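If you want the building blocks of each chain, they are given just below.
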Amino acid sequence: MEEKKTRSNKKIFVIAAILVLLALILCFGGTTFAKYITEKKMPAQNATAAKWGFVVSANTGDLFSDKYNAGVKATDATVDVQASASAKVVAPGTSGSVTFTIKGSAEVKAKVAISIKDGYTDISLTGTGEGATPYYPVKWTLVKKGTPTDTTLVDKGTLKDLADKLKTLNTDIEVGTSVNDEYTLTWEWVFEDKTASKDREDTLLGYAANGATTDENAVIKVEATDADKGIYTVTDKSDAENPVTYTAKTKLSFELSIAVVQVQNEATTPTPGT
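Calculation rules
Residues numbered from 1 in each chain as written. Predicted model: local features only at pLDDT ≥ 70, side-chain atom pairs only at ≥ 80, totals over all residues. Heavy atoms only, no water. Helix = DSSP H or I, 4+ residues; strand = E, 2+ residues; numbered from the N terminus. Buried < 20%, exposed > 50% of the residue type's maximum accessible area, 1.4 Å probe, protein only. Lys, Arg positive; Asp, Glu negative; His and termini not counted. Salt bridge = Lys/Arg side-chain N within 4 Å of Asp/Glu carboxyl O. Contact = heavy atoms within 4.5 Å. Pairing = 2+ DSSP bridges. Polar contact = N/O pair within 3.5 Å; in protein donor to acceptor, adjacent residues only side chain to side chain. Phe/Tyr/Trp six-rings, centres within 6.5 Å; stacked < 30°, edge-to-face > 60°. Arc of directions from axis to C-beta. Core = buried A, V, L, I, M, F, W, Y, C linked by side-chain atoms within 4.5 Å. Axes fitted to C-alpha atoms, helices over the stretch in contact; angles between N-to-C directions.

Colleague: For this particular structure, what's the right way to read the side chain of D122?
Modeller: Residue placement: D122 occurs in the loop between strand 6 (110-116) and strand 7 (124-128). One buried charge, D122, has no salt-bridge partner; the nearest side chain with opposite charge is K139, at 7.8 Å. Residue contacts for D122: discarding those within four places in its chain leaves Y136, T158, L159, K249, K251 and L252.

This is how it looks when you write it as structure tokens:
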């Protein structure tokens, strides 16, 4: 009996082992160990920032001064014109200049941007009445250095003439193009105009710059319109039958900007995903 019972137990154990093995087989049979792979390995990627090599320089030290000698920037000796305060001054017989350059190249498209900001003021005398012609004593000349000859872009023009001309210099610089431009800007208040005497106009501006004044001998009356901006009303009664009233602007002020800026051509810019 014991032997039969032992054999029976072994059979049960073997059957149980078979069932466990079968369960394992069925379990692993329902799972895959394979996978599909589509792969493309990209080579190492490197890039550097595009080069920007433009340099703009300007020497403004000789443009305006508080004292002058023989029409140029004065030294401490033999001064012909000197301001009563520390402010810069211009007067008949004075002049000044500035040279600015734009040099370099870049790996991006760029644009030259030169301008005189709106709101500038010029020394002037404008009036109403017979014989009242506009007078702008400070004359500007702009020259571009070139080979073999220089090019005069503005020849003894007004500050407005200069501002208008500078706008035309705003040109595109194509990628990789080198630029080497040099400009000289000069101004002059002629001491003696050989074509037509401007002594009277210069005198009126001088009185206006002095502020509220009445000179009975010269028959001139000056009244402040906007003293902070150097604007005055000047009445010239030297011709009693035809008095002339002028608006005198006695301050020269402007902001000159010289720059090279990057620009983008939107028409040819690639769109991601296309």
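Colleague: Just to check I follow, could you spell out the pairing of strand 11 (residues 179-189) for this structure?
Modeller: Both faces of the sheet carry side chains from a regular strand, because those side chains alternate between them. The alternating pattern of strand 11 places V179, D181, Y183, L185, W187 and W189 on a buried face, while none of N180, E182, T184, T186 and E188, on the opposite face, is buried. Alignment of strand 5 (residues 95-104) against strand 11, held across ten bridges, turns out to be antiparallel. Paired with I102 across the bridge in strand 11 is D181. With seven bridges connecting them, strand 8 (residues 138-144) and strand 11 associate as antiparallel partners. When the bridges of strand 11 are listed, V138 appears paired with W189.

Colleague: Would you mind showing me how to read the environment of R200 here?
Modeller: As for its placement among the helices and strands, R200 is situated in helix 3 (residues 199-209). For the pair R200 and D236, spaced 36 residues apart in sequence, the C-alpha separation works out to 9.6 Å. A polar contact of 2.7 Å, which involves the side chain of R200, links it to the side chain of D236.

Colleague: Help me understand the packing of aromatic side chains in this model?
Modeller: Any aromatic ring pair is given by two values, namely how distant the centres are and how the planes are angled relative to each other. Applying the stated criterion across every chain, the model contains six aromatic pairs. Judged by centre distance (5.5 Å) and plane angle (90 degrees), the ring pair of W140 and F254 falls under edge-to-face. With W140 in strand 8 and F254 in the loop between strand 15 (244-249) and strand 16 (256-262), the pair connects residues that are 114 residues apart, well separated along the chain. Members of the aromatic cluster, each reached through a chain of ring pairs, are F64, W140, W187 and F254.

Colleague: What am I meant to see in helix 3 here?
Modeller: An α-helical turn contains 3.6 residues, so any two residues separated by three or four positions project in the same direction. Among the residues making up helix 3, those that are buried are E201, D202, L204, L205 and A208. Buried residues along helix 3 cover an arc of 160 degrees about the axis, so they all sit on one side. In this structure, the buried residues of helix 3 make contact with strand 7, strand 11, strand 13 (220-226), strand 14 (231-236) and strand 15. Just downstream of helix 3, G211 is the residue with a positive phi angle, here 95 degrees.

Colleague: Help me understand the pattern of salt bridges, please; the structure alone is not making it clear to me.
Modeller: When charged atoms on two side chains of opposite charge get close, those side chains can pair. Counted under the stated rule, the structure contains four salt bridges. Notably, a salt bridge pairs K111 with D172, separated by 3.6 Å at the nearest N-O pair. One end of the pair, K111, is in strand 6; the other, D172, is in strand 10 (residues 172-173), and 61 residues separate them in sequence. Residue D181 is joined to K144 by a salt bridge in which the shortest nitrogen-to-oxygen separation is 3.8 Å. One end of the pair, D181, is in strand 11; the other, K144, is in strand 8, and 37 residues separate them in sequence.

Colleague: I would appreciate a short explanation of the nonpolar core in the present structure.
Modeller: Taken as a class, soluble globular proteins show a tendency for nonpolar side chains to be buried jointly. In terms of nonpolar packing, the biggest core is built from 47 residues, with F64, W140, L142, L162 and W187 touching the most fellow members. Here the element with the most residues in this core is strand 11; it accounts for five residues. With residues near it in sequence (within four places) discarded, W187 still touches L63, F64, Y68, V90, T94, S95, G96, S97, V138, K139 and W140.

Colleague: So what exactly am I meant to see when it comes to unusual backbone geometry here?
Modeller: In most cases, non-glycine residues show a negative phi, while peptide bonds are predominantly trans. Notably, K156 is not glycine yet its phi reads approximately 55 degrees, a positive angle. Structurally, the position occupied by K156 is in strand 9 (residues 151-157). Classification of K156 by relative accessible area gives exposed; the value is 57%.

Colleague: Which parts of the structure should I look at to understand the sheet that holds strand 11?
Modeller: Sheet strands pair via backbone hydrogen bonds, and the direction of the pair is either parallel or antiparallel. Taken in spatial order, the five strands make up an open sheet running 1-5-11-8-9, and their pairing is antiparallel. The sheet is open, and its two borders are formed by strand 1 (55-59) and strand 9, each paired with just one other strand. Within the sheet, the average angular offset between the axes of one strand and its neighbour, ignoring direction, is 10 degrees. The strands that helix 2 (residues 159-167) touches are strand 8, strand 9 and strand 11; relative to strand 9, the one it contacts most, it runs at about 155 degrees.

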